[in-house]
Amino acid sequence: MVKYFGFLMIIISCSLAGFVYAESLRKRVLELKELERALNHLQNEIFYTHTPLPEALLNISKKGKYGFKDLFKDVATDLKENKVKDVYESFQKNLEKHKKSLNINEEDRNIILDLAKGIGESDIESHMSIFSITLKNLQDQIEIALEKSKKDMKVYRYLGISIGLMTVIFLI
C-alpha cells in the first residue's frame with residue numbers, strides 16, 4: 001500500500017513540475033504585456049504631462065502589476081534619493097534585485113536596459129524615438145513569447161506527466 005502511495009506521489013510531483021513550468025511561460029507573456037502597458041503610460045507621462053522621471057515611474061508603479069510594480073518603485077526611489085548616478089545603473093541594479101520575481105529572459109532584460117540607457121539623458125525628440133524602438137522590440141518579444149507559450153505549454157504539461165509515469169514504470 002505504501003509503495004502505491006509513493007508511486008502516486010511521484011506521478012503527482014512530476015506532473016506538478018510540468019504544470020508549474022508551463023505556467024511560467026504563460027506568466028512571461030502577461031508580464032511582457034504589462035511592461036508594454038507601463039512603458040506606454042511612462043511615455044505619456046513624460047511627453048504630454050512633462051512629469052519628471054522619478055515621479056512618472058512612481059505613478060506607474062502604483063498602477064502596475066506583477067514584479068514590474070516593485071521594479072519601477074525601486075528605480076523611482078533610487079532616482080529621487082540620488083542613490084545612483086544614472087537611470088541605467090538604477091535599472092540594472094533593480095533588475096538584478098527583482099530577478100526572481102520577474103519572469104523575463106535576457107532579451108527582455110536587454111530591452112529594458114536599452115531604454116534605460118537613453119532615457120533621462122536626452123531631449124524629448126530623442127526620447128520619442130527611444131520609446132518607439134523599445135515598444136517595437138517589446139512587441140516582437142511578446143509575439144515570440146506568445147508563440148512559444150502556445151507551442152510549449154502542452155508539451156511541458158505532458159512531459160511532466162510522462163516523466164512521472166516512466167519513473168513509476170521503472171520502479172515497478
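Our structure is the block above this text.
Being a predicted model, the structure only gives us computed values, none of them experimental.

### Some thoughts on the overall build of the chain
Scanning the chain for helices and strands turns up six helices and zero strands. For the chain, the α and β elements follow one another from N to C terminus as α-α-α-α-α-α. Rg of the C-alpha trace for the chain: 21 Å, well past the compact-globule value of 16 Å for 172 residues, more than 25% over. Along the three orthogonal principal directions, the C-alpha set of the chain runs to about 70 × 30 × 25 Å. Within the chain, buried positions represent 40% of all 172 residues. Accessible surface, the chain as shown: approximately 10300 Å² in total, 60% of it carbon and sulfur. Averaging the coordinates of the 26 positive side-chain charges in the chain and doing the same for the 24 negative ones gives two points 9 Å apart.

### What to know about the layout of surface pockets
Empty space within the largest pocket amounts to approximately 160 Å³. Every element with two or more residues in the lining of the largest pocket is listed here: helix H1 (2–47) and helix H6 (124–171). Broken down by element, the lining of the largest pocket gets its largest block of residues, four residues, from H1. Looking at side-chain class alone, the lining of the largest pocket contains four nonpolar, three polar and two charged residues.

### A short note on the packing of aromatic side chains
Within the structure shown, the criterion is met by six aromatic pairs. For the ring pair Phe-47 and Tyr-48, a centre distance of 6.5 Å and an interplane angle of 80° mean the geometry is edge-to-face. For the pair Phe-47 and Phe-131, a centre-to-centre distance of 5.7 Å together with 80° between the ring planes defines the contact as edge-to-face. One end of the pair, Phe-47, is in helix H1; the other, Phe-131, is in helix H6, and 84 residues separate them in sequence. Both residues of the pair, Phe-47 and Phe-131, count as buried. Through a chain of ring-to-ring contacts, the aromatic side chains of Phe-47, Tyr-48 and Phe-131 assemble into a single cluster.

### Re helix H5 (residues 106–118)
Taking 1.5 Å of rise per residue, the 13 residues of H5 would be expected to cover 18 Å, and the 19 Å separating its terminal C-alpha atoms lies within 8% of that figure. Within H5 the residues assigned to the buried category are Asp-108, Arg-109, Ile-111, Ile-112, Leu-113, Leu-115, Ala-116 and Gly-118. Each element contacted by the buried residues of H5 is listed here: H1, helix H3 (66–80), helix H4 (87–97) and H6. Where H5 starts, the residue carrying a side-chain oxygen 3.1 Å from the main-chain nitrogen of Glu-107 turns out to be Asn-105.

### Section: the nonpolar core
Within the largest apolar cluster, 33 residues are counted, with the highest numbers of intra-cluster contacts made by Leu-42, Leu-53, Leu-57, Phe-72 and Phe-91. Contributing elements (two or more residues each) for this core: H1, helix H2 (53–63), H3, H4, H5 and H6. A total of eight residues in this core trace back to one element, the largest contributor, which is H1.

Thresholds, definitions, all that
- Residues numbered from 1 in each chain as written.
- Predicted model: local features only at pLDDT ≥ 70, side-chain atom pairs only at ≥ 80, totals over all residues.
- Heavy atoms only, no water.
- Helix = DSSP H or I, 4+ residues; strand = E, 2+ residues; numbered from the N terminus.
- Rg over C-alpha atoms; globule rule 2.2 N^0.38 Å.
- Buried < 20%, exposed > 50% of the residue type's maximum accessible area, 1.4 Å probe, protein only.
- Areas by Shrake-Rupley, 256 points an atom, 1.4 Å probe, with all protein chains shown as cover.
- Lys, Arg positive; Asp, Glu negative; His and termini not counted.
- Charge placed at Lys NZ, Arg CZ, Asp CG, Glu CD.
- 1 Å grid on protein atoms, 1.4 Å probe; cavity = no way out; pocket = protein on both sides within 12 Å on 5 of 7 lines; lining within 4 Å.
- Points joined across faces, edges and corners; volume = space filled by probe spheres on them.
- Nonpolar A, V, L, I, M, F, W, Y, C, P; charged D, E, K, R; others polar.
- Phe/Tyr/Trp six-rings, centres within 6.5 Å; stacked < 30°, edge-to-face > 60°.
- Expected span 1.5 Å × (residues − 1).
- Contact = heavy atoms within 4.5 Å.
- Polar contact = N/O pair within 3.5 Å; in protein donor to acceptor, adjacent residues only side chain to side chain.
- Core = buried A, V, L, I, M, F, W, Y, C linked by side-chain atoms within 4.5 Å.

By themselves these figures say nothing about function.
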